[in-house]
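Summary of the model geometry
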Amino acid sequence: MASAEKTPYEKPLLEISGLKTVFPTDDGIVNAVNDVSFSIARGQTVGVVGESGCGKSITGLSMLQLVPSPGRIEAGEILFHRNGTDAPIDIAQVSPKSELMRQIRGNEIAIIFQEPMTSLNPVYTVGNQIAEAIVLHEQVDKKTAHERAIEMIARVGIPAPAQRVDEYPHQLSGGMRQRIMIAMALCCSPSLLIADEPTTALDVTIQAQVLGLMQELQAEMGMAIMLITHDLGVIADFADEVVVMYSGRVVEKGTVDDIFYNPLHPYTQGLLKSIPVLGRTAEKTLPSIPGTVPHPLTLPVGCSFGPRCPERMPECDQMPELAETDGKTENGRHTVRCWLHTDLEGKG
Amino acid sequence: MTKLLEVNDLRKHFPIQKGIFQRTVGYVKAVDGINFDVQRGETLGLVGESGCGKTTAGRCLLRLIPPTSGSFIFGEEEVDLAKLTPHEMRPFRRRIQMIFQDPHASLNPRMTVGDIVGEPMRVNRTEQGSALQDRVVELLESVGLQSQDTRRYPHAFSGGQRQRIGIARALALQPELIVADEPVSALDVSVQAQILNLLAELREKFQLSYIFIAHDLSVVEHISDRVAVMYLGKIAEISDAETLYQSPKHPYTEALISAVPLPDPKAQRKREHIRLEGDVPDPSNPPTGCYFHPRCRYATDICKQETPELRQVAQGVQVACHHSDTLELQGV
Ligand SMILES: Nc1ncnc2c1ncn2[C@@H]1O[C@H](COP(=O)(O)OP(=O)(O)OP(=O)(O)O)[C@@H](O)[C@H]1O
Ligand SMILES: Nc1ncnc2c1ncn2[C@@H]1O[C@H](COP(=O)(O)OP(=O)(O)O)[C@@H](O)[C@H]1O
Ligand code: SF4
Ligand code: SF4
Ligand SMILES: [Mg+2]
Ligand SMILES: [Mg+2]
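Residues numbered from 1 in each chain as written. Chains lettered and ligands numbered in written order. Predicted model: local features only at pLDDT ≥ 70, side-chain atom pairs only at ≥ 80, totals over all residues. Heavy atoms only, no water.

Let's talk about the overall build of chain A
Per the secondary structure count, chain A includes 11 helices and 12 strands. Relative to its length of 348 residues, chain A is compact, with a C-alpha radius of gyration of 21 Å against a globular reference of 20 Å. Once the C-alpha set of chain A is aligned to its principal axes, its extents read approximately 70 × 50 × 50 Å. Every one of the 348 residues in chain A was classed for burial, and the buried ones make up 53%. Within chain A, counting contacts between residues at least 6 apart in sequence, those at least 24 apart form 63% of the total. Roughly 15000 Å² of accessible area belongs to chain A as shown, and the carbon and sulfur atoms make up 52% of that amount. Separation between the mean location of the 28 positive side-chain charges and that of the 43 negative ones in chain A comes to 2 Å. (Helix = DSSP H or I, 4+ residues; strand = E, 2+ residues; numbered from the N terminus. Rg over C-alpha atoms; globule rule 2.2 N^0.38 Å. Buried < 20%, exposed > 50% of the residue type's maximum accessible area, 1.4 Å probe, protein only. Contact = heavy atoms within 4.5 Å. Areas by Shrake-Rupley, 256 points an atom, 1.4 Å probe, with all protein chains shown as cover. Lys, Arg positive; Asp, Glu negative; His and termini not counted. Charge placed at Lys NZ, Arg CZ, Asp CG, Glu CD.)

Focus on the overall build of chain B
Along its length, chain B carries 11 helices and 12 strands. Principal axes of the C-alpha set define a box for chain B whose edges measure 70 × 55 × 45 Å. Counting the 332 residues in chain B, one finds 55% classified as buried. When contacts within chain B are restricted to residue pairs at least 6 apart in sequence, those whose partners lie at least 24 apart make up 63%. With the model as given, the accessible surface of chain B reaches about 14700 Å², and the carbon-plus-sulfur share is 47%. Of the side chains in chain B, 38 bear a positive and 42 a negative charge, and the two mean positions are spaced by 5 Å.

Points about the pattern of salt bridges
Scanning all chains against the criterion turns up 28 salt bridges over all chains. Of the charged contacts, one joins Arg337 of chain A and Asp35 of chain A as a salt bridge, the two residues approaching to 3.8 Å between their closest N and O atoms. Of the two residues, Arg337 of chain A sits in the segment after strand E12 (335–336) while Asp35 of chain A sits in strand E2 (residues 28–40), which places them 302 residues apart along the sequence. Relative accessible area serves as the criterion here: at 4%, Arg337 of chain A is assigned to the buried category. Of the charged contacts in the structure, one is a salt bridge between Lys143 of chain A and Glu147 of chain A, with a shortest N-O distance of 3.3 Å. Of this pair, Lys143 of chain A and Glu147 of chain A both sit in helix H5 (residues 142–155), four residues apart, roughly one helical turn. Owing to a relative accessible area of 59%, Lys143 of chain A belongs among the exposed residues under this scheme. Linked through salt bridges whose partners overlap, the residues forming this network are Arg40, Glu76, Glu77, Arg95 and Glu176 of chain B. (Salt bridge = Lys/Arg side-chain N within 4 Å of Asp/Glu carboxyl O.)

Regarding the pairing of strand E8 (residues 209–214) of chain B
Residue and element names in this part refer to chain B. In terms of burial, E8 is largely enclosed, as six of its six residues are buried. On E8, burial covers both faces: Ser209, Ile211 and Ile213 on one face and Tyr210, Phe212 and Ala214 on the other are all buried. Pairing of strand E3 (residues 43–47) with E8, which is carried by five bridges, proceeds in the parallel orientation. The residue bridging Val47 from the neighbouring strand is Ala214, located in E8. (Pairing = 2+ DSSP bridges.)

With respect to the site of ligand 3
Within the structure, ligand 3 sits among His265, Pro266, Cys303, Gly306, Cys309, Glu311, Cys316, Pro320, Cys338, Trp339 and Leu340 of chain A. Of the residues assigned to the shell around ligand 3, the class counts are eight nonpolar, two polar and one charged. (Near = heavy atom within 4 Å. Nonpolar A, V, L, I, M, F, W, Y, C, P; charged D, E, K, R; others polar.)

With respect to the confidence of the model for chain A
The predicted model of chain A has a mean per-residue pLDDT of 89, with 93% of residues at 70 or higher. For residues 1–8 of chain A, every residue scores under 50 in pLDDT, and the model assigns this stretch one contact once sequence neighbours within four places are set aside. (pLDDT = per-residue confidence, 0-100.)

Notes on the side chain of Gln268 of chain B
With respect to the helices and strands, Gln268 of chain B occurs in helix H10 (residues 265–270). Assessed through its relative accessible area of 4%, Gln268 of chain B is described here as buried.

Thoughts on the pairing of strand E1 (residues 3–18) of chain B
Residue and element names in this part refer to chain B. Summarising the sheet, E1 and strand E2 (residues 23–39) pair through 13 bridges and their orientation is antiparallel. Across the sheet, the residue bridging to Ile16 is Gly26, located in E2. Count of turn residues in the E1/E2 antiparallel hairpin: four residues, of which Gly19 carries a positive phi of about 80°. Pairing geometry for E1 and strand E4 (residues 69–74), over five bridges, is antiparallel. Its bridge partner lying in E4, Val7 is registered against Phe72.

Some details on the site of ligand 2
Residue and element names in this part refer to chain B. Neighbouring ligand 2 are the residues Phe14, Val28, Ala30, Glu49, Ser50, Gly51, Cys52, Gly53, Lys54, Thr55, Thr56 and Pro283. At a separation of 3.0 Å, an oxygen atom of ligand 2 approaches a polar backbone atom of Gly53. At 2.6 Å, a side-chain N or O of Thr55 approaches an oxygen atom of ligand 2. In isolation ligand 2 offers 560 Å² of accessible surface; the protein chains occlude 61% of this area. Residue assignment for the shell around ligand 2 shows that the elements contributing at least two residues are E2 and helix H1 (54–61). Looking at the shell around ligand 2 residue by residue, the class counts come to five nonpolar, five polar and two charged. (Polar contact = N/O pair within 3.5 Å; in protein donor to acceptor, adjacent residues only side chain to side chain.)

Regarding unusual backbone geometry
Cis geometry is adopted by the peptide bond preceding Pro70 of chain A, which originates at Ser69 of chain A and carries an omega value of 5°. Looking at the secondary structure, you find Pro70 of chain A in the loop between helix H1 (56–62) and strand E4 (72–80). Its identity is not glycine, yet Asp9 of chain B carries a phi of approximately 50°, on the positive side. For Asp9 of chain B, the location among the structural elements is in strand E1. Taking the relative accessible area as the measure of exposure, Asp9 of chain B reaches 34% and is therefore partly exposed.

Some points on the sheet that holds E3 of chain B
Residues and elements named next belong to chain B. If you walk across this open sheet you meet the eight strands as E6-E7-E8-E3-E9-E10-E12-E11, and the pairing is mixed. Of all strands in the sheet, those bounded by a partner on one side alone are strand E6 (96–99) and strand E11 (311–314). Between one strand and the next, the sheet's axes are offset by a mean angle of 20°, whatever the strand orientation. Judged from the four bridges that link them, E6 and strand E7 (residues 177–181) form a sheet pairing that is parallel. By the bridge assignment, Ile96 is partnered in E7 with Leu177. (Axes fitted to C-alpha atoms, helices over the stretch in contact; angles between N-to-C directions.)

Right under this line is the structure:
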């Protein structure tokens, strides 16, 4: 296997541009994901952060053609450079049920969810489920698959793997179930793992274990991770690059240091100020963002954050583009969707 | 400051029943002998991982479930609430109210907001007719809602607004103590700050005391004057919030603080991370000695044999650890 870090790939692993995923409902069309663009480099962790309903999960599901019906990808590209040489595959154009998509899912891009209990089948042992995932993608017999399952259970740090392999999901704790999900997702060495709130249902000490495990496995296997979470602490701990979403759109993206130490979008700034930080006891009133996230069917005119924004101006009645910032940051990749940082031609 | 509540040796053991005759084969020691007090105007935070007994302790205090043993000395009268009959308890129910985690599940979807907030006053006959209507509007306004909202139903409100409705209802009978069980855990980050600020503001305005239950240490630190850390039905440490996070005295508190990822990438990279092994043990079959010993990196022989008592180690600091005097633990 090639060394994961030094390979001089020119293209990122995945480039999403202009992605739009919609849900037709009785009351109108919900633009769950609206003009979303970002890319994921090989071996890197991109954190996607935002409040409930902002489109994080649907972005992740779109990348695997797993958008639940009646939802559908309406526009945009999801270019998957599965290796450095071939022409990329545009996942947005691949049929959900096709052989190619089946191959990509699990073999190359894997996904884990917040509540492992709903993704594990309660009537099969965890060993059977891991073995099944192995057999699906590799030509091995049942016995070998079972042995590999035990190895994987040991690898994700569950004690007594030979005994656990024959247990059912309900016999395991939440943290162990999430480890089993990670084992299943990683048994085929994917190049990208999409982790949708993988630790939200777990206690902090167990969260630290699971995040630590993901970090170790990433260092070992060199996979990229797209980490979806609403927890800015988890992002600070884990991500290299950060994508901030608000009501279906990317409002800001940059390196983790850009986002935390030089946030430009008023929403990112507000979010960072409004969280209580352990050890900063002094101030007793939190600077909170007024109002709530708009309903997806009654979005405000122009910038979606406008009604809550302390810096709102007349220009804000038009939707600003996601644009490069004017070199105020260490690297040129810090982009923001806000008129404060964009001129009317849409340039930063 | 005057003492509002003193909890002594509260226990709640749930029987585990098996077989067709529902024989009791053991007990889940959900709360296993806890002591704390709450001063008037104070917020006591109760923090710990899921299943450590926070909710059970809160439900016992409100007598929503009967405690197995213990006493709750309440108010200037120093009445032991644990010993009261349901009838004798009635006047005290008004004085202690609860706010729940899930604002969705705790509001009746078929009642208007006005009826929900007015219900405690109707049931207790504290207000009637137009006085009641006025009081409902006053309550809604004090939590940041409007008079028009009385006619709307809960489904028409966001999670944060529903939590405000729950708070207005809890305030209706002018309680002295509010037990808030994970009141912001289900809310979005930006809305969480609004509700935390509201709770702090109401505490000043109505001279309330809170028992604030949550698993999120940062939130608990922010709102609390003092914090009690629970582990497996027992209190590991009680201290004022700042001391607790700057210089914890119990190894479990230290590990819990270390596990919280700080929203500060540079600080986070520099921190030493203490990673606890394994899961919280089963409360129906707790370890011997100190319940934390199988996961504690400072455990010695005595920890396996003897259960440490909660004892005062400094002004306002109580710890249940055999070695707290010699350990040098790290804070945030
Ligand atoms: N099956 C569906 N039908 C209609 N609308 C949907 C459906 N699934 C999602 N949506 C809408 O799409 C938008 C984005 O949802 P998504 O699940 O991606 O949010 P999220 O950022 O993952 O939120 P959370 O933090 O709560 O998981 C929301 O407005 C949501 O209501
Ligand atoms: N009604 C009940 N019957 C049996 N066990 C219970 C009951 N309620 C809670 N428990 C158990 O008591 C322990 C403490 O629960 P709880 O107080 O809900 O914890 P927390 O609120 O700290 O998460 C857990 O092990 C839980 O499973
Ligand atoms: S575009 Fe205008 S309303 Fe939107 S975030 Fe920027 S300043 Fe605020
Ligand atoms: S008593 Fe022993 S095992 Fe328990 S916390 Fe203290 S050092 Fe650790
Ligand atoms: Mg989601
Ligand atoms: Mg609880």
